[in-house]
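Structural features, examined
One-letter residues, chain by chain:
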Amino acid sequence: MTPDTEEGPQMSVEDFEELVRRAPRELRNRLEFLGGKLCVRHGPLDVDEFEELAAVAPETVRLEYINGKVEVKAMPDGNHRSIFMWLLRQCMQHRPDLDLVPEAGVKAEAYRKGRARTDGTLVPVDHFKGDGEWSPTNGILMAVEITSHDRDTDQRDRVDKPVGYAEADIPVYLLIDRDTNTVTVFSEPKDGRYLQAPTYPWGSRAELPDPVGFTLDTEGLKDYSD
């Protein structure tokens with residue numbers, strides 16, 4: 001990787017070609033495909049340039065803007081989708097007054113400079129009504145990420161997302177980790193980090209603190225061990 005190039009996760013050459021075809025003209029020459037990864041030449045995009053690119057990306061390419069870098073989020077597989085539906089049923093049982101919205105675009109990080117696509121976002125009913133592609137985090141009760149089996153999961157979901165969501169003052173971040181068969185409950189955001197982050201093995205009962213306020217029985221997650 002050259003000093004003026006930034007890299008993101010793997011994608012197919014067909015997806016890359018379609019992304020370039022759709023990209024704003026002034027960004028096309030800055031996009032490269034090296035080693036199966038999306039690269040941006042001549043320094044990082046700014047957040048406005050990212051939003052322009054994300055707005056025209058094909059459905060098979062889910063882009064995020066994390067720590068000033070363009071990231072390609074892996075498409076969910078069958079177990080990933082099943083885990084989301086399992087969590088949705090849990091939330092409907094305990095908090096029928098709320099919506100668990102899949103794949104919401106939120107303005108994360110300090111000063112809303114990040115753009116994250118959560119696997120799930122727990123919010124009041126119709127909370128995102130009238131919003132565009134990227135919503136402010138005000139009023140979000142919990143962000144959810146379910147790890148995928150790609151090489152960038154460790155940095156993205158376990159390191160970058162906790163910082164970005166804490167900086168945006170999202171009260172609870174639930175990480176469902178398919179590599180370690182655990183759930184981690186991040187809470188009490190302060191000064192850009194979560195003060196609490198207990199980890200629970202699948203099969204135990206995980207406490208989701210206020211404003212979520214219920215106990216998550218993770219026994220059902222054992223069905224989705226890879």
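Keep in mind that this is a model prediction, so the values were computed, not measured.

As a further point, take the packing of aromatic side chains. This model, assessed by the stated rule, comprises six aromatic pairs. Taken together, a centroid distance of 5.1 Å and an interplanar angle of 20° make the contact between Tyr173 and Phe186 stacked. Of this pair, Tyr173 sits in strand β11 (residues 172-177) while Phe186 sits in strand β12 (residues 182-190); the two residues are 13 residues apart in sequence, bridging distant segments of the chain. Taking the relative accessible area as the measure of exposure, Tyr173 reaches 0% and is therefore buried. Summarising the aromatic geometry, the rings of Phe186 and Tyr194 are spaced 5.9 Å apart at their centres and angled 50° between planes, so their arrangement reads as tilted. The residues Phe186 and Tyr194 share a single accessibility class, namely buried. Each residue in the set Tyr165, Tyr173, Phe186 and Tyr194 is aromatic and connected to the rest through ring pairs, giving one cluster.

Here the chain shows a mean pLDDT of 92. Residues at 70 or above account for 96%. When the criterion is pLDDT under 50, residues 1-9 qualifies, and its contacts beyond four places in sequence or with other chains add up to 34 contacts.

Attention now goes to unusual backbone geometry. Cis geometry marks the peptide bond from Asp210 to Pro211, where omega comes out at 10°. A positive phi is found at Asp126, a non-glycine position, where the angle reads about 65°. Along the chain, Asp126 turns up in the loop between β9 (120-124) and β10 (142-146). Owing to a relative accessible area of 53%, Asp126 belongs among the exposed residues under this scheme.

Here helix α5 (residues 153-167) is 15 residues long and its end C-alpha atoms lie 20 Å apart, about the 21 Å a rise of 1.5 Å per residue gives. Roughly 40° is the biggest bend found in α5, and it falls at Asp160, with proline Pro162 one to four residues downstream. Where α5 is concerned, the buried positions are Thr153, Arg156, Asp157, Asp160, Lys161, Pro162, Gly164, Tyr165 and Ala166. With its phi angle positive at about 60°, Asp169 sits one or two positions after the end of α5.

Tracing the backbone shows Gln90 in helix α4 (residues 78-94). When its relative accessible area of 13% is taken as the criterion, Gln90 is described as buried. Discounting chain neighbours no more than four positions away, the residues touching Gln90 are Phe214, Leu216 and Asp217.

A few words now on the pattern of salt bridges. Per the counting criterion, the structure on display carries 17 salt bridges. Here Arg178 and Asp77 are joined by a salt bridge, their closest N and O atoms 3.0 Å apart. Taken together, the residues span a long stretch of sequence, with Arg178 in the loop between β11 and β12 and Asp77 in the loop between β5 (69-73) and α4 at a distance of 101 residues. As a salt-bridge pair, Asp177 and Arg158 come within 2.6 Å of each other at their nearest N and O atoms. Linking Asp177 in strand β11 with Arg158 in helix α5, this pair joins segments that are 19 residues apart in sequence. A relative accessible area of 24% means that Arg158 is categorised as partly exposed.

Rules of the game
Here the residue index of a chain counts from 1 through its sequence in written order. The predicted nature of this model means local features are confined to residues of pLDDT at least 70 and side-chain atom pairs, given and counted, to a pLDDT of 80 or more, with totals for whole chains, interfaces and linings taken over all residues. By convention in this description, side-chain values take in all heavy atoms of the structure and omit both hydrogens and water. Aromatic rings from Phe, Tyr and Trp, with only the six-membered ring used for Trp, were paired whenever their centres fell within 6.5 Å, and each pair was classed as stacked if the ring planes differed by under 30 degrees, edge-to-face if by over 60, and tilted otherwise. Only DSSP runs of H or I reaching four residues or more are called helices, and only runs of E reaching two or more are called strands; each is numbered from the N terminus. The rule is simple: take the accessible area with a 1.4 Å probe, protein chains only, and divide by the maximum for that residue type; under 20% is buried, over 50% is exposed, in between is partly exposed. Every residue gets a pLDDT, meaning the predictor's confidence in that residue, from 0 to 100. Contacts are assigned to residue pairs with any non-hydrogen atoms lying within 4.5 Å of each other. Working rule for helices: expected span equals 1.5 Å times residues minus one. Throughout, the bend at a residue refers to the angle made by two axes, fitted to the seven residues ending there and to the seven starting there. A carboxyl oxygen of Asp or Glu within 4 Å of a side-chain nitrogen of Lys or Arg is what we treat as a salt bridge.

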